[in-house]
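Chain and residue survey
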Amino acid sequence: MPETVSLHRRRARVPRPAGGPAELGAHGRGKVTVHRCLATLSSALGDAVKHHRLSHNPARPTIIPQPPSTERRIWTLDEATHFLRSSHAADPLMADQAEVLIGTVMRKGEALGLH
């Protein structure tokens, strides 16, 4: 098995950022993307340990910092009205859906569950 891993590493030659998560961010990856990549990698390696494919999870000691969420700006009444008027002119069906979302303060996932 070690020969297989060694052979794979020689063939793969995948460039890896030397600086870890900070370096990934410098290569055009957003903080959320980096966080999701690290979480996915840690989860996959954890499953490999659980199924006895690896002896330990090398990503486990890593603290995966949660990126700060961006502050959301809430539309004013005038902005919402302008958006709905423009939407009705462009696509009345989508405008009706947007009006339900805005009028009920429903989240996208909740609205998708409506029948």
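Calculation criteria
- Residues numbered from 1 in each chain as written.
- Predicted model: local features only at pLDDT ≥ 70, side-chain atom pairs only at ≥ 80, totals over all residues.
- Heavy atoms only, no water.
- Helix = DSSP H or I, 4+ residues; strand = E, 2+ residues; numbered from the N terminus.
- Buried < 20%, exposed > 50% of the residue type's maximum accessible area, 1.4 Å probe, protein only.
- Contact = heavy atoms within 4.5 Å.
- Areas by Shrake-Rupley, 256 points an atom, 1.4 Å probe, with all protein chains shown as cover.
- Axes fitted to C-alpha atoms, helices over the stretch in contact; angles between N-to-C directions.
- Parallel < 35°, antiparallel > 145°, perpendicular 65-115°, else oblique.
- Left-handed = near helix turned anticlockwise from the far one by under 90°.
- Nonpolar A, V, L, I, M, F, W, Y, C, P; charged D, E, K, R; others polar.
- Expected span 1.5 Å × (residues − 1).
- Arc of directions from axis to C-beta.

Take the overall build of the protein chain next. Regarding its fold elements, the protein chain presents six helices and zero strands. Listing each helix as α and each strand as β along the protein chain from the N terminus yields α-α-α-α-α-α. Looking at the 115 residues of the protein chain, the share that counts as buried comes to 12%. If you take every contact in the protein chain between residues at least 6 apart in sequence, the share linking residues at least 24 apart comes to 20%. In the form shown here, the protein chain has an accessible surface area of approximately 10200 Å², with 60% of it arising from carbon and sulfur atoms.

This paragraph deals with the packing of helix α4 (residues 77-90) against helix α5 (residues 92-104). Two numbers describe how α4 lies on α5: the axes approach to 6 Å, and their chain directions differ by 155 degrees. In terms of orientation, α4 lies roughly antiparallel with respect to α5. Handedness of the crossing formed by α4 with α5: left-handed. Taking contact as the criterion, the partners of Ala 80, Phe 83, Leu 84, Ser 87, His 88 and Ala 90 in α4 are, on α5, Pro 92, Ala 95, Asp 96, Ala 98, Glu 99 and Ile 102. Of the residues belonging to the contact of α4 with α5, the class tally is eight nonpolar, two polar and two charged.

Here α4 is 14 residues long and its end C-alpha atoms lie 20 Å apart, about the 20 Å a rise of 1.5 Å per residue gives. Along α4, the residues classified as buried are Ala 80, Leu 84 and Ser 87. Mapping the buried residues of α4 onto a view down its axis gives an arc of 65 degrees, with all of them on the same face. Summarising the geometry of α4, the exposed residues directed more than 90 degrees from the buried face are Asp 78, His 82, Arg 85, Ala 89 and Ala 90. Buried residues along α4 sit against α5.

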